[in-house]
Amino acid sequence: MPEVKEFQAETKQLLNLIINSIYTHKDIFLRELISNASDALDKIRFLSLKDPSILQNDTELQIRIDIDKDNNTLIVEDNGIGMSYEEVIENLGTIAKSGTKNFLNQLKQAQSENTVISLIGQFGVGFYSAFMVAKKVIVETKKWDQDKGVRWESDGTGTYSVEECEKANRGTKITLILKDDLDEDENYLDQYKIQELVKKHSNYIKYPIKMKWEEEVEAGKQKITVKILNSMVPLWNKNKEEITQNEYNEFYKEHFYDWNDPFDVIHFKAEGTTVEFTALLYIPSKLPFTFFSKDYKRGLNLYSKNVFIMENCEEVLPDYLGFVKGLVDSPDFSLNISREILQKNKQLKVIRKNIERKILDALKSKLENEREKYVEFWKEFGKVIKAGLYQNIQEKEKVQDLLLFESSTSDKNMVTLKEYISKMKEDQGNYIYYAVGESKDIIENLPQMESFKEKGYEVLYLTDEIDEFLIKLMHDYEGKEFKSISSSNVKIDEKFKEKEEENKDLLQKIKEYLKDKVKDVRLTDKLKESPACIVSANEAISLNMEKTLKNLEQLPFEAEKILELNPDHQVFKILTDIYHKDPNSEEIKDYAELLYNQSLLLEGLEIEDKATFAKLITKLMIK
Ligand SMILES: Nc1ncnc2c1ncn2[C@@H]1O[C@H](COP(=O)(O)OP(=O)(O)OP(=O)(O)O)[C@@H](O)[C@H]1O
């Protein structure tokens, strides 16, 4: 006679909730049962390492799934370690986990199904999840060292029965008599559905998961074979030496939905640290087109001993490396890890740190050893890395050496900051000079570039909108300060100070004419060929930043401008002549307008009064 026993009070409550509150996510029951079977196989395999004879003649460790449509049942069976009578009662009648009470209290207060699922996810209901899909569950099990088997049966509503039984083979057979009201997409008697679930959640279980497979070979003729549903050996658990580049690439394309081969593969095992884990990471070669949209999912997939547990876990990947794809497998992850728990998890922080370092090392190595490939990569992902660095400027030290720039002396391989400072001229001072503009061409034609070229100082070309914001935030590299060539206080030579003094009155006059347009009019020694340029009076907001911010409608005011004149230019000489003849000459005003507007044009800025500018040019032409 079977013994009828009550479930422990907590188990009863839990079962009640599972049966009555969960309508979605039911698929995971199969993963839970397969994972338990795999654990049971691990245990017997472990014992057999010491004493192979305990396997007797049942040596192929495996999991079998059987579909019995006639009886509406699904069976998951293993030849693992099995359970004794006491163990069955202990394991399948109670919840031995600490925190059960607290968990159940929270569960009772949960308002929505999502909260219930999330809580259950955190706690892990394992075996009991079978009751999400089954109206009755029968467990027949035989422990490896026992003669008799045990049969356990329950409908999940309060009691279960347990009795000794005859069972030929070692291991556990779980029979689910499926609920009658399952949805159409919950057809667990369909071989394709089961195959899909196994592939999705348990593909890398290391024991074969076998199922009878029916196929129509000819019209009306069925063939039945036994199919192994899972691929078993996860690529990431193989030795690196055994994996070809092609295998790595195929795995990437299959799992991460990319047509292109990855730019780089990083595969490593971390042992001896506080957390043991294996990571297989891919740096794509092309930026996904959804990357900047909210549809793009960052993060790595998590596995625990080959069992898939979560997609796109953001916690293991720093934000600024969000384009990296891949997975992490750690025996330390709980199968039912939830997002809430993840955020507080210390192990994940360790993993994240390790992963970050490996990715940065890989990128650095590409930069050093395969420069051309790295330049290609940079052209795709540079913006992302810069944006990431901008948001986490505290990461500066780690990332700054990965940055590449075009510059006045670089070739197609561009230049790193390290290379820049190694080439600095002795009389250049402590400055890394940069120029901002929409393109290389525009920058090269900036009047301010002239004297830098002459002096042979390298100038970084900042052509991405984010560049100047980033550079300003970085402030310096290895103690060398970033300095814009358009900055109003860049002085290459001090000699011209006297000249400024000599021409004070003229400069004042021009300033009066340009009243609201400029904050100041000065002389500069930055110009060679050009008579004048415009710079920003404010170090914090340059003219280019003004342009960007205006486009984003982020800036309600204009950057204050300074007009700088080249005292060695013919135009300036003419101006001084006019001024000396007649300090109130109208012509000075015309020149002031022309120089100001011409400088705006060269900076790529709008001329405010185009008609007057055109008139002045005409006037000049017929003079
Ligand atoms: N197929 C099986 N073979 C042997 N023992 C099993 C099997 N399935 C379950 N058990 C035993 O029942 C226990 C309870 O299983 P359950 O799935 O509820 O929790 P768990 O596996 O310990 O935890 P979790 O599933 O949350 O990781 C297991 O720890 C195991 O001892």
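Residues numbered from 1 in each chain as written. Predicted model: local features only at pLDDT ≥ 70, side-chain atom pairs only at ≥ 80, totals over all residues. Heavy atoms only, no water.

Colleague: Help me out: how do you make sense of the overall build of the chain in this one?
Modeller: For the chain, the helix and strand inventory stands at 21 helices and 22 strands. Classification of the 623 residues of the chain by burial places 52% in the buried group. Residue pairs in contact within the chain that sit at least 24 positions apart in sequence constitute 70% of those at least 6 positions apart. For the chain, the accessible area works out to roughly 31400 Å², and carbon and sulfur atoms hold 47% of it. (Helix = DSSP H or I, 4+ residues; strand = E, 2+ residues; numbered from the N terminus. Buried < 20%, exposed > 50% of the residue type's maximum accessible area, 1.4 Å probe, protein only. Contact = heavy atoms within 4.5 Å. Areas by Shrake-Rupley, 256 points an atom, 1.4 Å probe, with all protein chains shown as cover.)

Colleague: Honestly, helix 6 (residues 191-201) in this entry has me stumped. Any pointers?
Modeller: Side chains that are three or four residues apart share a direction in an α-helix, a result of its 3.6 residues per turn. For helix 6, the set of buried residues is Gln191, Lys193, Ile194, Gln195, Leu197, Val198 and His201. Packing partners of the buried residues in helix 6 comprise helix 2 (28-50), strand 2 (63-68), strand 3 (73-78), strand 8 (209-218), strand 9 (221-228) and strand 13 (307-313).

Colleague: Can you help me understand the sheet that holds strand 10 (residues 264-270) in this one?
Modeller: Strand pairing in a sheet relies on backbone hydrogen bonds, with the paired strands running either antiparallel or parallel. Here we have five strands laid out as an open sheet, ordered 10-11-14-12-13, and mixed in their pairing. The two strands at the open ends of the sheet, each matched to only one other strand, are strand 10 and strand 13. For this sheet, the mean angle separating the axes of adjacent strands, direction not counted, is 15°. Of the pairings in the sheet, the one linking strand 12 (residues 300-304) to strand 13 comprises four bridges and is antiparallel in character. Bridging from a neighbouring strand, Leu302 pairs with Met310 of strand 13. (Pairing = 2+ DSSP bridges. Axes fitted to C-alpha atoms, helices over the stretch in contact; angles between N-to-C directions.)

Colleague: Mind showing me how you'd approach the pairing of strand 19 (residues 480-484) here?
Modeller: Every other side chain in a regular strand lies on the same face of the sheet, so the side chains alternate between the two faces. Across four bridges, strand 16 (residues 431-436) lies against strand 19 in parallel orientation. Looking at strand 19, one finds that Tyr433 is bridged to Lys483. Taking the residues that link successive antiparallel strands as the turn, the strand 18 (residues 476-477)-strand 19 hairpin has two residues, and the phi of Glu478 there is positive, at about 50°.

Colleague: Teacher, can you tell me more about the side chain of Ser161 here?
Modeller: Its location among the elements puts Ser161 in strand 6 (residues 159-165). With sequence-adjacent residues up to four places away left out, Ser161 is seen in contact with Pro2, Glu3, Val4, Arg151, Trp152 and Glu153.

Colleague: Please clarify how the pattern of salt bridges should be interpreted in this entry.
Modeller: When their charged atoms lie close together, side chains carrying opposite charge are able to pair. What the rule picks out here adds up to 31 salt bridges. Among the salt bridges present, the one from Glu153 reaches Lys136, with a minimum N-O distance of 2.9 Å. Of this pair, Glu153 sits in strand 5 (residues 149-154) while Lys136 sits in strand 4 (residues 134-142); the two residues are 17 residues apart in sequence, bridging distant segments of the chain. Residue class for Lys136 comes out partly exposed when judged on its relative accessible area of 29%. (Salt bridge = Lys/Arg side-chain N within 4 Å of Asp/Glu carboxyl O.)

Colleague: Would you take a moment to explain the packing of aromatic side chains for this structure?
Modeller: Given two aromatic rings, their pairing is described by the distance between the two centres and the angle made by the two planes. Tallied over the full model, the rule gives 25 aromatic pairs. Both rings, one in Trp236 and one in Tyr303, keep their centres 4.6 Å apart while their planes meet at 50°; by these two values the pair is tilted. One end of the pair, Trp236, is in the loop between strand 9 and helix 7 (245-256); the other, Tyr303, is in strand 12, with 67 residues separating them in the sequence. For Trp236, a relative accessible area of 0% puts it in the buried group. Plain terms: the ring middles of Phe263 and Phe377 are 4.6 Å apart, the flat faces sit at 10° to each other, and that makes the pair stacked. With Phe263 in the loop between helix 7 and strand 10 and Phe377 in helix 10 (residues 371-391), this residue pair connects regions lying 114 residues apart in the sequence. Across this residue pair, the class does not change: Phe263 and Phe377 are buried. Taking NZ or CZ as reference, Lys227 lies 4.0 Å from the ring centre of Trp213, over its face. Sitting above the plane of the Phe263 ring, Lys366 keeps its charged end 5.3 Å from the centroid. (Phe/Tyr/Trp six-rings, centres within 6.5 Å; stacked < 30°, edge-to-face > 60°. Lys NZ or Arg CZ within 6 Å of the ring centre and 35° of its normal.)

Colleague: Explanation requested: the sheet that holds strand 18 in the structure shown.
Modeller: With mixed pairing, the five strands of this open sheet are ordered in space as 15-17-16-19-18. Each having just a single partner strand, strand 15 (406-407) and strand 18 make up the two edges of the open sheet. Together, strand 16, strand 17 (459-462), strand 18 and strand 19 form the strand contacts of helix 15 (residues 465-474), whose direction differs from that of strand 16 by roughly 160°.

Colleague: Sorry if this is basic, but what is going on with the environment of Val571 here?
Modeller: Inspection of the secondary structure assignment puts Val571 in helix 19 (residues 570-581). Sequence separation between Val571 and Ser530 is 41 residues, and the spatial gap between their C-alpha atoms is 9.2 Å.

Colleague: Can you help me understand the side chain of Ser530 in this one?
Modeller: Structurally, Ser530 can be placed in the loop between strand 20 (520-523) and strand 21 (532-536). At a separation of 2.6 Å, a polar atom in the side chain of Ser530 contacts the side chain of Glu450. Dropping the residues within four chain positions of it, Ser530 is found in contact with Pro447, Glu450, Asn566 and His569. (Polar contact = N/O pair within 3.5 Å; in protein donor to acceptor, adjacent residues only side chain to side chain.)

Colleague: Looking at this model, I keep getting lost on the confidence of the model for the chain. Mind explaining?
Modeller: Where the model shows low pLDDT, its predicted coordinates should not be examined in detail. Averaged over every residue, the pLDDT of the chain is 87; the share at 70 or more is 91%. Both confidence scores are given for the complex: pTM 0.64, ipTM 0.98. (pLDDT = per-residue confidence, 0-100.)

Colleague: How should the nonpolar core be read in this particular structure?
Modeller: Inside soluble globular proteins, nonpolar side chains tend to come together where they are buried. One finds Phe323, Ile355, Ile359 and Leu460 to be the most contacted residues of the largest nonpolar core, which totals 70 residues. In this structure, this core is formed jointly by two domains, domain 2 (235-367) and domain 3 (405-484), each of which donates at least three residues. The next biggest cluster of nonpolar side chains, apart from the first, holds 62 residues, and it includes Ala110, Val137, Val162 and Leu176. (Core = buried A, V, L, I, M, F, W, Y, C linked by side-chain atoms within 4.5 Å. Domains from an automatic or database assignment.)

Colleague: What's the story with the pairing of strand 9 in this structure? I'm lost.
Modeller: Across eight bridges, the pairing between strand 8 and strand 9 is antiparallel. Within strand 9, the residue paired with Trp213 across the bridge is Thr225. Counting the residues that bridge the hairpin from strand 8 to strand 9 gives two residues, and of these Gly220 lies at a positive phi of roughly 80°.

Colleague: Got a minute to help me understand the packing of helix 17 (residues 504-513) against helix 20 (residues 586-602) in this structure?
Modeller: Two measures define how a pair of helices packs: the angle their axes make with one another and the distance between the axes. Taken N-terminus to C-terminus, the directions of helix 17 and helix 20 make an angle of 70°; their axes are 9 Å apart at the nearest point. Put simply, helix 17 runs roughly perpendicular to helix 20. Contact residues: helix 17 offers Leu506, Lys509, Ile510 and Tyr513, while helix 20 offers Ile588, Lys589 and Ala592. Along the lines of polarity and charge, the residues of the contact of helix 17 with helix 20 split into five nonpolar, no polar and two charged. (Parallel < 35°, antiparallel > 145°, perpendicular 65-115°, else oblique. Nonpolar A, V, L, I, M, F, W, Y, C, P; charged D, E, K, R; others polar.)

Colleague: Sorry if this is basic, but what is going on with a negative patch on the surface here?
Modeller: Together, Asp181, Asp183, Glu184 and Asp185 make up a region of like negative charge exposed at the surface. With respect to the helices and strands, Asp185 occurs in the loop between strand 7 (171-178) and helix 6. Given the relative accessible area of 54%, Asp185 is considered exposed. (Patch = residues over 30% accessible without salt bridge, like charges linked within 9 Å, V, L, I, M, F, W, Y side chains within 5 Å. Lys, Arg positive; Asp, Glu negative; His and termini not counted. Charge placed at Lys NZ, Arg CZ, Asp CG, Glu CD.)

Colleague: Honestly, helix 3 (residues 85-93) in this entry has me stumped. Any pointers?
Modeller: Among the residues making up helix 3, those that are buried are Val88, Ile89, Leu92 and Gly93. In a view along the axis of helix 3, the buried residues occupy a sector of 100°, so they form one face of it. Those residues of helix 3 that are buried are in contact with strand 1 (3-6), helix 1 (9-21), strand 4, strand 5 and strand 6. (Arc of directions from axis to C-beta.)

Colleague: Hey, could you run me through the environment of Phe308 in this one?
Modeller: Mapped onto the secondary structure, Phe308 falls in strand 13. Its relative accessible area of 11% is what places Phe308 among the buried residues. Setting aside anything within four residues of it in sequence, one finds Phe308 in contact with Arg31, Lys200, His201, Asn301, Leu302 and Tyr303.

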